[in-house]
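# Structural features, examined
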Amino acid sequence: MSAPGESAPPAAVRHRRLSSVAAPVRGLAKKLLGGKAAVEASVMLDWPAIVGTEIAERCQPRKLARGRGANAGAATLHLTVDAPFALEIQYSAAQIVERVNRYLGYPAVARLALHQGELLREEKPRLPQIPPLAAPTRQQLDQDISGIADDGLRQALDRLGQAVLAKPGPDRR
């Protein structure tokens, strides 16, 4: 019991009935997807897997516009295209529509609308430069990894060893 001047902690609210999960999930999905349908979001997220990396480097999906009225079943996929490749993408339009529809599992897209513009490119994170190791430390690392036969593994361990040994610390060679 709480004292007369203190407020009691809020009691847990219990519902005696089942409630639908759809309403709160719909609200969350709308916030996360920015009002875009799940189909549109999946096409945008999986674009390189759908059309291949060569086409994905030259164009990006902008939006999926559903038809209205007599064209209610047909959707138009709007693409932003690098200007030098617009004609090539236009010639590949039927193939792109086919790939998108195959990915979705039904004929959702009827045509493409191309918009020339600058593509949003993700910048690859730059790896920090590793300072060169002191000669004795470098020789010890080379000796430690010399017994590894696989070149790829030996190079990866060499880079890892350089990164670890280059960091200042009390237990470094």
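As a reminder, the structure under discussion sits directly above these lines.
First things first, this report covers the structure right here in the doc. (Residues numbered from 1 in each chain as written. Predicted model: local features only at pLDDT ≥ 70, side-chain atom pairs only at ≥ 80, totals over all residues. Heavy atoms only, no water.)

Let us look at the sheet that holds strand S3 (residues 109-116). Two modes of strand pairing occur in sheets, parallel and antiparallel, and in both the strands are linked by backbone hydrogen bonds. The strand order across the open sheet built from 3 strands is S1-S2-S3, with neighbouring strands paired in mixed fashion. Only two strands of the sheet have a single neighbouring strand rather than two, namely strand S1 (59-66) and S3. Averaged over all neighbouring strand pairs, the angle between strand axes comes to 25 degrees, with direction disregarded. One ladder, built from 7 bridges, connects S1 with strand S2 (residues 75-81); its direction is antiparallel. (Pairing = 2+ DSSP bridges. Helix = DSSP H or I, 4+ residues; strand = E, 2+ residues; numbered from the N terminus. Axes fitted to C-alpha atoms, helices over the stretch in contact; angles between N-to-C directions.)

This paragraph deals with helix H7 (residues 135-145). Those residues of H7 that sit buried are Thr137, Leu141 and Ile145. Viewed along the axis of H7, the buried residues span an arc of 60 degrees, placing them on a single side of the element. Facing away from the buried surface of H7 by more than 90 degrees, the exposed residues are Ala135, Pro136, Gln139 and Gln143. The inward-facing, buried residues of H7 abut helix H8 (151-166). (Buried < 20%, exposed > 50% of the residue type's maximum accessible area, 1.4 Å probe, protein only. Arc of directions from axis to C-beta. Contact = heavy atoms within 4.5 Å.)

Another point: the nonpolar core. Trp47, Leu77, Leu79, Ile96 and Val100 are the most contacted members of the largest nonpolar core, which totals 21 residues. Counting only elements with at least two residues in this core, the list comes to helix H3 (47-51), helix H4 (53-56), S1, S2, helix H5 (86-91), helix H6 (93-104) and S3. The contacts of Val100, once residues within four sequence positions are left out, are Val43, Trp47, Ile50, Leu77 and Val109. (Core = buried A, V, L, I, M, F, W, Y, C linked by side-chain atoms within 4.5 Å.)

In a structure, side chains of opposite charge can pair up when their charged atoms sit close to one another. Scanning the entire structure with this criterion turns up 6 salt bridges. Between Glu98 and Arg102 there is a salt bridge, and its shortest N-O distance comes to 3.1 Å. On the criterion of helical spacing, the pair formed by Glu98 and Arg102 is a turn pair, its members being 4 residues apart in helix H6. The residue Asp158 makes a salt bridge to Arg138 at a minimum N-O spacing of 2.4 Å. Of this pair, Asp158 sits in helix H8 while Arg138 sits in helix H7; the two residues are 20 residues apart in sequence, bridging distant segments of the chain. The buried category is assigned to Asp158, whose relative accessible area is 16%. (Salt bridge = Lys/Arg side-chain N within 4 Å of Asp/Glu carboxyl O.)

The next subject is the packing of H7 against H8. Where H7 meets H8, the axes come as close as 10 Å, and the angle between the chain directions of the two elements is 145 degrees. As H7 runs across H8, the sense of the crossing is right-handed. In this structure, H7 contributes Thr137, Arg138, Leu141, Asp142 and Ile145 to the contact, and H8 contributes Arg154, Leu157, Asp158, Gly161, Gln162 and Leu165. Across the contact of H7 with H8, the residue classes break down as 4 nonpolar, 3 polar and 4 charged. (Left-handed = near helix turned anticlockwise from the far one by under 90°. Nonpolar A, V, L, I, M, F, W, Y, C, P; charged D, E, K, R; others polar.)

Structurally, the position occupied by His115 is in strand S3. Once the C-alpha coordinates of His115 and Ala83 are considered, the two residues, 32 residues apart in sequence, prove to be 8.7 Å apart. Apart from residues lying up to four places away in sequence, His115 is in contact with Arg62, His78, Leu79, Thr80 and Val81.

Taken together, the side chains of Leu153, Leu157, Leu160 and Val164 define a hydrophobic patch exposed on the protein surface, amounting to about 310 Å² of accessible area. Topologically, Leu153 is positioned in helix H8. (Patch = residues over 30% accessible without salt bridge, like charges linked within 9 Å, V, L, I, M, F, W, Y side chains within 5 Å. Areas by Shrake-Rupley, 256 points an atom, 1.4 Å probe, with all protein chains shown as cover.)

What follows is about H8. The terminal C-alpha atoms of H8, which comprises 16 residues, lie 22 Å apart, in line with the 22 Å expected from a rise of 1.5 Å per residue. Restricting attention to buried positions, one finds in H8 the residues Asp158, Gly161 and Leu165. Buried residues of H8, viewed axially, fall in a sector of 70 degrees; they line one side. Exposed residues on H8 whose side chains face more than 90 degrees from its buried face are Arg159 and Leu160. Among the structural elements, H7 are those in contact with the buried residues of H8. The residue sitting at the N-terminus of H8 and contributing the capping side-chain oxygen is Asp150; that oxygen lies 3.4 Å from the backbone nitrogen of Gly152. (Expected span 1.5 Å × (residues − 1). Polar contact = N/O pair within 3.5 Å; in protein donor to acceptor, adjacent residues only side chain to side chain.)

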